[in-house]
Amino acid sequence: MPTFKQLNAQKAALALSPKFQFSTVTADSISEDAGVYFIARPTISKYGEKHEQILYIGQSNNLRHHLYVEQFIGHTDTARLKKRLIADYDYPEIMTFEHAQKFLTDNCYFKYHLVETQRDRSFLEHGLKFSLSPMYLE
C-alpha cells in the first residue's frame, strides 16, 4: 500500500505533467500504459483568478484507449463524462453527445500520470477525488 508521502508525490507529478488539449490531441500522442488521469477546464473565479476546474478523475489500464476512444470519441456506453455533461442543468446548451464532444474540444484538456499497479492506481484515483473534488464522481 502506498504511503501518504508517495501519494502526494504522485499527485505532484500529475500536476506537473503536460496538458493535452482535446482540440489538438491525437491517439498516438497518448500513452498506452496504465495510469490515472483528470479532465479539466480553465475557469476564472468571481475575483478574476485563473484556476482549473476538475471535471472528472479516472484510471485505466490503457490510457490511450480510455481517454481517446472511450471518453473523447466514444458514444453512449463508454463516454461517462459526456453523459454527465448532458444531464447537468448547469450546461443547458449540452443536449447531445455531439454537443458534449464540442464542449470537450473547445474547453477541456486532460493530464495523466503513469501508475503501474492496479492497487496504486486505485489509491491515487480515490485520493485525488478526495483532495481535488471533481464536479462528477462515480
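Sequence order as written defines the numbering, with residues in each chain counted from 1. The predicted origin of the model limits local features to residues at a pLDDT of at least 70 and limits the giving and counting of side-chain atom pairs to 80 or more, whereas totals for whole chains, interfaces and linings rest on all residues. Hydrogen atoms and water are omitted, and side-chain values are computed over all heavy atoms in the structure.

1. Here's the deal with the pattern of salt bridges
What counts as a salt bridge is simple: a side-chain nitrogen of Lys or Arg found within 4 Å of a carboxyl oxygen of Asp or Glu. One pass over the structure, following the stated rule, counts three salt bridges. Of the charged contacts, one joins Glu-32 and Arg-64 as a salt bridge, the two residues approaching to 3.5 Å between their closest N and O atoms. Taken as a pair, Glu-32 in the loop between strand 1 (20–21) and strand 2 (35–44) and Arg-64 in helix 2 (residues 63–72) lie far apart in primary sequence, 32 residues in all. As a salt-bridge pair, Glu-125 and Lys-129 come within 3.2 Å of each other at their nearest N and O atoms. With Glu-125 and Lys-129 both in helix 5 (residues 118–132) and four residues apart, this pair spans about one turn of that helix. Pair check on accessibility: Glu-125 and Lys-129 agree, each one buried. Helix numbering and strand numbering both begin at the N terminus, where a helix is a DSSP run of H or I of at least 4 residues and a strand a DSSP run of E of at least 2. Summary of the burial criterion: residues with accessible area below 20% of their type's maximum are buried, those above 50% are exposed, and those between are partly exposed, where the area comes from a 1.4 Å probe applied to protein chains only.

2. Quick notes on the nonpolar core
Definition used in this section: a nonpolar core is a set of buried Ala, Val, Leu, Ile, Met, Phe, Trp, Tyr and Cys residues joined via side-chain atoms within 4.5 Å. Grouped together as the largest cluster of nonpolar side chains are 23 residues, with contacts concentrated most on Ile-39, Leu-85 and Phe-110. When residues of this core are traced back to their parent elements, those giving at least two are strand 2, strand 3 (50–60), helix 2, helix 3 (80–87), helix 4 (97–107) and strand 4 (109–114). In terms of residues, this core owes the most to one element, helix 2, which gives four residues. Between two residues, a contact is recorded if the distance between any of their heavy atoms is within 4.5 Å. Residues within four places of Phe-110 in sequence aside, it is in contact with Pro-18, Lys-19, Phe-20, Phe-22, Val-25, Ile-30, Phe-38, Ile-39 and Leu-67. One finds Ile-54, Val-115, Leu-124 and Leu-128 within the second-largest nonpolar core, a separate group that totals 11 residues.

3. Description of the packing of aromatic side chains
In this description, an aromatic ring pair is defined by two values, namely the gap between the centres and the angle between the planes. Stacked, edge-to-face and tilted labels apply to pairs of Phe, Tyr and Trp rings (six-membered ring for Trp) whose centres lie within 6.5 Å, assigned for plane angles under 30 degrees, over 60, and everything in between, in that order. Within this structure, the stated rule accounts for eight aromatic pairs. Summarising the aromatic geometry, the rings of Phe-20 and Phe-110 are spaced 5.2 Å apart at their centres and angled 10° between planes, so their arrangement reads as stacked. Linking Phe-20 in strand 1 with Phe-110 in strand 4, this pair joins segments that are 90 residues apart in sequence. Relative accessible area serves as the criterion here: at 16%, Phe-20 is assigned to the buried category.

4. Some details on the side chain of Ser-17
Mapped onto the elements, Ser-17 comes out in the loop between helix 1 (4–16) and strand 1. From its side chain, Ser-17 meets the backbone oxygen of Leu-14 in a polar contact 2.7 Å long. Polar side-chain contacts of Ser-17 include one of 3.3 Å to the backbone oxygen of Tyr-112. Dropping the residues within four chain positions of it, Ser-17 is found in contact with Lys-111 and Tyr-112. Think of a polar contact as two N or O atoms within 3.5 Å of one another; within protein, one of them needs to be a possible hydrogen donor and the other a possible acceptor, and neighboring residues in sequence only count if both atoms come from side chains.

5. Brief notes about the sheet that holds strand 3
Strand pairing in a sheet relies on backbone hydrogen bonds, with the paired strands running either antiparallel or parallel. Strand pairing follows a simple DSSP-based rule, namely that at least 2 bridges must link the two strands. Strand order in the open sheet formed by four strands is 1-4-2-3, with antiparallel pairing between adjacent strands. A strand with exactly one partner marks an edge of an open sheet, and here the two such strands are strand 1 and strand 3. Across 10 bridges, strand 2 lies against strand 3 in antiparallel orientation. For Tyr-37, the partnering residue across the bridge sits in strand 3 and is Gly-58. The sheet contacts of helix 1 involve strand 2 and strand 4, and relative to strand 4 the element is tilted by about 140°. Against the sheet, helix 5 engages strand 2, strand 3 and strand 4, with an angle of about 150° to strand 3. Under this scheme, a helix contributes an axis fitted over its contacting stretch, all axes are lines through C-alpha atoms, and angles between N-to-C directions fall in the 0 to 180 degree range.

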